[in-house]
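Remarks on the overall topology
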Amino acid sequence: MKRHIFRKRQGKLDQKELELEETLFHNANGYLGVRGSMEEGSFHETLRGTYLNGVYDIVDMPQAEPLYGLANKKETLVNIADIQTVRLYADGELCTPSTAADWHGERSLDMDGGFTKRTLTWKSKAGKKVNVAVTRMASFTRLPLFVLQYRVICDQATLFRFETEHDCNVHNFSDPDDPRLASVSVQHMLPQEVTYKDGLSKIVTSTARSGITVATIVYDTFSLPILSSTEKESTAAISRAVSFSAKSNEELLLTRLVVCTDSRRWKDPLKTAEAFLSDARQAGIPQLFAEQKAYLSAFWKYSSCEIEGNEILDEGLSFNLYELLQSVGKDGISHLAAKGLSGEGYEGHYFWDTEMFVQPLFTLTQPKISKNLLEYRYTILNKARENARFLGYSKGALYPWRTINGEECSGFFPAGTAQYHINGAVAYALILYYLVTDDIDFMQEKGLEMLLEIARFWYELGNFFKGQFMINCVTGPDEYTCLVNNNYYTNVSAKYDFHWAVKLYRMLSKEGKATAAIAATGICEEEIAAFEKAEQAMFLPYDKDLDINLQDDSFLQKKQWDIKATPKEKFPLLLHYHPLTLYNHQVCKQADTVFAHYLYEEYTSYSTMLHSYDYYERLTTHDSSLSPCIFSIMASRLGLHEKAYAYFKDSIEIDIHNTHGNTKDGIHTANMGGSYLCIVFGFAGLRIKETGIYLYPYLPTAWKGYAFCLTLRNLHMHVHIHLDEIALWLEEKTIQKIFLYDKERTITEKKISFQLQQRSNK
Ligand code: BGC
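What you are looking at is a predicted structure, and each value in this text was computed from that prediction instead of being measured.

Consecutive side chains of a regular strand alternate in pointing toward one face of the sheet and then the other. Of all 10 residues in strand S18 (residues 237–246), 9 are buried, a share of seventy percent or more. The sheet contact formed by strand S13 (residues 158–167) and S18 spans 10 bridges and is antiparallel. When the bridges of S18 are listed, Glu-163 appears paired with Ala-241. Joining the antiparallel neighbours strand S17 (residues 228–233) and S18 is a turn of 3 residues.

Okay, structure coming up:
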């Protein structure tokens, strides 16, 4: 059985390195996220954060020219009370690298056990050698629970003192020079109750404006008898100092249980936190770690994706998958933020990133998690309806470009609200979920209603012109080209959505199962017929001379940006050029038309995809981390295997090697999902269509093989590629039909091997 582990030796602890490690070694479980700060802190101001998915405050977003309808408030993820501060003193000296006569440290993430570990060997000025090991875990089985174990041992008898803090006097991070971060630093959580009694440190806080209450309880126990203990309560913090006398080589262990709860999920957060804590204490530490391990062993069983022949990439891929599990909301109340729960980049907002890049992983391996993500979109459907009304549309729903609780939070509408393709993302996720799971009940209860409202929005957004359906004044995925007419990506996704809205409506109506959706939307046959007409008449921009799909009507008319001649330090362009300069050029921040070709290949030809790839690749900066993975998938599909591999490597490395330089603000979840898509949809050539499941695998020449498992209609199909062989089998005793290189095959419980073809996968 493969071990999933990620290790890093600590080196120079400058601010950059510390902030990077805080992200890479954060602990999260989809509800609770704690940045991997050094418990004792450091001389540098870093981003010491604790977050609860979906717990936000409201902040003003003043618009200099307040035109009608511009959002002037936004939701922002809040940093709740600090629960990770523990300072260790050995004979009065603070145990931290910067005070050591000598030290070395390592950090690791055990993705099977579900915990991080930080070890520090520290030499005091007097020559005492102290070994510290801190283990931290955000429990996957008890979401409000965080466990920290601080183990210390010295080669000589020592007087140890722990100083701990539980403090809600915290701020959110900001950087006025980076549009990807909040521009002002705010203290969102205001103290309501701060108490210390019987070893229990309790803080109840409320957000300044959104009316959400959060309770945090910290409970510490120690393995050695306490020599002395003092506690101090202030209006916003509880601090403690506890001393111990340890013999030489005698272990001192601090075990901390932390519980965090909020009023969005529980009526009485404090009482709930107390109940969770009491259950955790009763279960005991070994049981808590055993539960974590069991949860992860079930996760890896079906979600692991392995590379044979390159350990570094294999480790990187496991890391990415684990981070996604840490980031994804699992309760239908929350979704998945662009940075997960690892930092404050993009202020904890949910974007299309989830549906297009991450959700396919869960749909294909953990459909329950995927369903919860759709449930979340359903909970904000009414707000999406209001959003559409607000923008002046009489019908339909428009999902907010970026949000936490359903309100549109994008301040710059040309690269925000105008990205109507967020609707296409929700529809795509719904349809993929349906095709993979066959969960018709969900479609009947919620999915069809969402699809119909999305189709209605497309219909009213567009218009017929000379017999064709046009969608004008939109922004596609490429944020360096804004407010254009007929963005190919947007139009083709609207076409696909119309197709599915009509198809599912007719199918469910026939079976008498569309009643809930009809009652909720008041949809009528005339509207369905109109959607069908728009689908058929959809204008898909194409240039005959170049044989490419045009990114939009005017794209070709602009001058081309010379990417090769642009100095390295000018990237990402968005931080160095006025938006209007960018909009005036043919230059792409990220995959746009090429993305549409990966998703909706049936609407174009192979040669158009090939020419488009070549054309847009030269104009794409990949300033967005969402880009390389899509170029990798399409390169695989077009037979450009070397490019596919190079882009895949870029994608894998973005966070572990901090190649975009901003991992300190949080992981890039979309890219992490994208690295998985590169393998499954790229190298293995997976397509999920109405007509069935298709695979066109090839093996990158640098590898010996790769393997993954797909959960299709509750059946688990294993796909192993090794050298020139593909082995396919089911875990269950039944059969599954799939198409391998377009030939129909019957897969059973017995492993069957086929010959691998090293050709372009279509
Ligand atoms: C990208 C968007 C993405 C957002 C959040 C932006 O830089 O252009 O496509 O949704 O980041 O990840």
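Now that the structure has been shown, the text picks up again.
One open sheet holds the 5 strands; their spatial order is S8-S7-S13-S18-S17, and the pairing between them is antiparallel. Of all the strands in the sheet, just strand S8 (93–94) and S17 have a single pairing partner and so form its edges. By the bridge criterion, 2 bridges tie strand S7 (residues 82–90) to S8 in an arrangement that is antiparallel. By the bridge assignment, Tyr-89 is partnered in S8 with Leu-94.

With that settled, the discussion passes to the pairing of strand S14 (residues 189–197). Bridge analysis of S14 against strand S15 (residues 200–207) gives 8 bridges, and the strand direction is antiparallel. Looking at the pairing, Thr-195 lines up with Lys-202 of S15.

Moving on, we get to the packing of helix H4 (residues 311–327) against helix H5 (residues 353–365). Where H4 meets H5, the closest approach of the two axes is 11 Å, and the angle between their N-to-C directions is 90 degrees. With respect to their mutual orientation, H4 and H5 come out roughly perpendicular. Facing Leu-321, Leu-324 and Leu-325 of H4, the residues of H5 in contact are Val-358, Leu-361 and Phe-362. The residue makeup of the contact of H4 with H5, split by class, is 6 nonpolar, no polar and no charged.

A word on the sheet that holds strand S11 (residues 129–138). Pairing between the strands of a sheet is mediated by backbone hydrogen bonds and can be parallel or antiparallel. Spatially, S1-S9-S10-S11-S12-S19-S16-S15-S14 is the arrangement adopted by the 9 strands of the open sheet, whose pairing is antiparallel. Two strands lie at the open edges of the sheet, namely strand S1 (5–10) and S14, each paired on one side alone. Each strand of the sheet is rotated relative to its neighbour by a mean of 15 degrees, with strand direction disregarded. Pairing analysis gives 6 bridges linking S1 to strand S9 (residues 102–110), with the strands arranged antiparallel. Of the residues in S9, the one forming a bridge with Ile-5 is Asp-110. Across the sheet, helix H2 (residues 269–283) touches strand S12 (145–154), S14, S15, strand S16 (213–222) and strand S19 (252–262), and the angle it forms with S19 is around 145 degrees.

Every residue lining the ligand is accounted for by Ala-338, Tyr-346, Phe-351, Trp-352, Asp-353, Trp-401, Glu-479, Lys-589, Gln-590, Ser-624 and Leu-626. For the ligand, an oxygen atom lies 3.2 Å from a polar atom in the side chain of Glu-479. For the ligand, an oxygen atom lies 2.8 Å from a polar atom in the side chain of Lys-589. Protein coverage of the free-state accessible area of the ligand, which is 310 Å², stands at 93%.

The next thing to look at is a nonpolar patch on the surface. Together, Tyr-68, Phe-390 and Leu-391 make up a nonpolar patch on the protein surface, roughly 360 Å² of accessible area in all. Relative to the assigned elements, Tyr-68 resides in the loop between strand S5 (56–60) and strand S6 (73–77). Take Tyr-68: its relative accessible area is 70%, and that puts it in the exposed class.

In this section: the packing of aromatic side chains. The description of an aromatic ring pair uses the distance of the two centres, along with the angle that the planes make with each other. Per the stated rule, a full pass over the model turns up 49 aromatic pairs. Considering the side-chain rings of Tyr-346 and Phe-351, the 5.3 Å spacing of their centres and the 70 degrees angle between planes classify their relative orientation as edge-to-face. A relative accessible area of 22% places Tyr-346 in the partly exposed class. Ring centres of Tyr-598 and Phe-681 lie 5.9 Å apart, and the angle between their planes is 70 degrees; on these two criteria the pair is classed as edge-to-face. Of this pair, Tyr-598 sits in helix H14 (residues 593–599) while Phe-681 sits in helix H18 (residues 669–683); the two residues are 83 residues apart in sequence, bridging distant segments of the chain.

Turning our eyes to something else, we now look at the side chain of Gln-149. Along the chain, Gln-149 falls in strand S12. Leave out the neighbours within four places in its chain, and Gln-149 touches Ala-133, Val-134, Thr-135, Leu-253, Leu-254, Thr-255, Ile-285 and Phe-289.

Membership of the largest hydrophobic core comes to 210 residues, with the highest contact counts inside it found for Trp-352 and Ile-679. Here the element with the most residues in this core is helix H8 (residues 421–437); it accounts for 13 residues. Residues Val-147, Leu-200, Ile-285 and Phe-289 belong to the second largest nonpolar core, which totals 17 residues.

Quick notes on the rules
- Residues numbered from 1 in each chain as written.
- Predicted model: local features only at pLDDT ≥ 70, side-chain atom pairs only at ≥ 80, totals over all residues.
- Heavy atoms only, no water.
- Buried < 20%, exposed > 50% of the residue type's maximum accessible area, 1.4 Å probe, protein only.
- Helix = DSSP H or I, 4+ residues; strand = E, 2+ residues; numbered from the N terminus.
- Pairing = 2+ DSSP bridges.
- Axes fitted to C-alpha atoms, helices over the stretch in contact; angles between N-to-C directions.
- Parallel < 35°, antiparallel > 145°, perpendicular 65-115°, else oblique.
- Contact = heavy atoms within 4.5 Å.
- Nonpolar A, V, L, I, M, F, W, Y, C, P; charged D, E, K, R; others polar.
- Near = heavy atom within 4 Å.
- Polar contact = N/O pair within 3.5 Å; in protein donor to acceptor, adjacent residues only side chain to side chain.
- Areas by Shrake-Rupley, 256 points an atom, 1.4 Å probe, with all protein chains shown as cover.
- Patch = residues over 30% accessible without salt bridge, like charges linked within 9 Å, V, L, I, M, F, W, Y side chains within 5 Å.
- Salt bridge = Lys/Arg side-chain N within 4 Å of Asp/Glu carboxyl O.
- Phe/Tyr/Trp six-rings, centres within 6.5 Å; stacked < 30°, edge-to-face > 60°.
- Core = buried A, V, L, I, M, F, W, Y, C linked by side-chain atoms within 4.5 Å.

Any functional reading would require information beyond the geometric quantities listed.
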